[in-house]
Amino acid sequence: LKEIIRSTQNESVQFLLIGDGNQFKSAENEQVKSLGFVKDEITLQIAYSASDLLLHTAPIDNLPNTVAESMSCGTPVLAFETGGLPEMVIPERSGWLVKKIEAGSMIHDLRSILLSHDYKTLRETCRATAKALFDQSKIAQRYEDHLLSTSRSY
């Protein structure tokens with residue numbers, strides 16, 4: 001993340017950090033603002049909704065809640081193609097996946113997205129994709145179907 005932020009210093013990019021952003025002092029870098037840990041759901045929704053995209057820089061992750069939350073607010077995601085992220089982030093519908101896990105590749109894709117303004121066109125499809133993937137009734141039905149199928153096999 002530090003390398004990505006450094007690479008955009010001369011561009012009009014603003015980073016809003018949620019979580020432990022202690023290594024990024026807002027006073028030292030005007031393009032970085034940190035909310036710290038946010039436990040209030042309304043504040044999280046506002047932050048996700050106000051953002052153009054979520055930059056998920058974890059090199060390894062399973063099914064991160066931050067990605068699901070961001071998509072549910074209609075905010076597309078740029079993440080590495082790793083773990084469960086390809087099942088969540090559908091290219092050109094809910095975001096973009098970076099194939100090579102390195103800062104340079106993510107910087108390249110981020111610049112491309114920012115220049116093309118593609119993030120603006122994905123808000124509706126992103127939210128629809130999240131609803132299709134994470135809707136409570138669909139998840140409950142999947143659990144019920146799974147439990148019924150496994151109980152029949154015994």
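This part takes up the pattern of salt bridges. Inspection of every chain in the model, using the stated rule, returns four salt bridges. In this structure, the salt-bridge partner of Arg-111 is Glu-11, at a minimum N-O distance of 2.7 Å. Placement of the pair is Arg-111 in helix H5 (residues 103-116) and Glu-11 in the loop between helix H1 (2-7) and strand S1 (15-17), with a sequence separation of 100 residues. Residue Arg-111 is classed as partly exposed on the basis of its relative accessible area, which comes to 31%.

Turning our attention to the pairing of strand S5 (residues 95-98). Burial of the side chains of S5 extends over both faces: Gly-95 and Leu-97 are buried on one face and Trp-96 and Val-98 on the other. Bridge count for strand S4 (residues 77-80) against S5 is four bridges, and the pairing is parallel. Within S5, the residue paired with Leu-78 across the bridge is Trp-96.

Here Leu-110 shows up in helix H5. A residue is classified by how much of its surface remains accessible, and Leu-110, at 4% relative accessible area, is buried. When the C-alpha atoms of Leu-110 and Thr-8 are compared, they prove to be 9.7 Å apart, with 102 residues separating the residues in sequence. Excluding its chain neighbours within four sequence positions, the residues that come into contact with Leu-110 are Ile-4, Leu-53, Leu-55 and Leu-78.

The next point concerns the side chain of Ser-105. Tracing the backbone through its elements, the reader meets Ser-105 in helix H5. Beyond its immediate sequence surroundings of up to four residues, Ser-105 is in contact with Val-98 and Lys-100.

Looking now at the sheet that holds strand S3 (residues 54-56). Taking strand neighbours across the sheet as the criterion, the three strands line up as S3-S4-S5 in an open arrangement whose pairing is parallel. Looking at strand neighbours, the two that pair on one side only are S3 and S5, the edges of this open sheet. Between one strand axis and the next, the sheet turns through 10 degrees on average, direction left out of account. Across the sheet, H5 is in contact with S3, S4 and S5; its angle to S4 comes to roughly 160 degrees.

Further remarks concern the packing of helix H3 (residues 65-72) against helix H6 (residues 123-134). At a minimum axis separation of 7 Å, H3 and H6 run at an interaxial angle of 125 degrees. Classified by the angle their axes make, H3 and H6 are oblique. The segment H3 lies against H6, with Ala-68, Met-71 and Ser-72 engaging Cys-126, Arg-127, Thr-129, Ala-130, Leu-133 and Phe-134. Of the residues in the contact of H3 with H6, the class split is six nonpolar, two polar and one charged.

Reading the values: the criteria
Residues numbered from 1 in each chain as written. Predicted model: local features only at pLDDT ≥ 70, side-chain atom pairs only at ≥ 80, totals over all residues. Heavy atoms only, no water. Salt bridge = Lys/Arg side-chain N within 4 Å of Asp/Glu carboxyl O. Helix = DSSP H or I, 4+ residues; strand = E, 2+ residues; numbered from the N terminus. Buried < 20%, exposed > 50% of the residue type's maximum accessible area, 1.4 Å probe, protein only. Pairing = 2+ DSSP bridges. Contact = heavy atoms within 4.5 Å. Axes fitted to C-alpha atoms, helices over the stretch in contact; angles between N-to-C directions. Parallel < 35°, antiparallel > 145°, perpendicular 65-115°, else oblique. Nonpolar A, V, L, I, M, F, W, Y, C, P; charged D, E, K, R; others polar.

These values are about where atoms sit, not about what they do.
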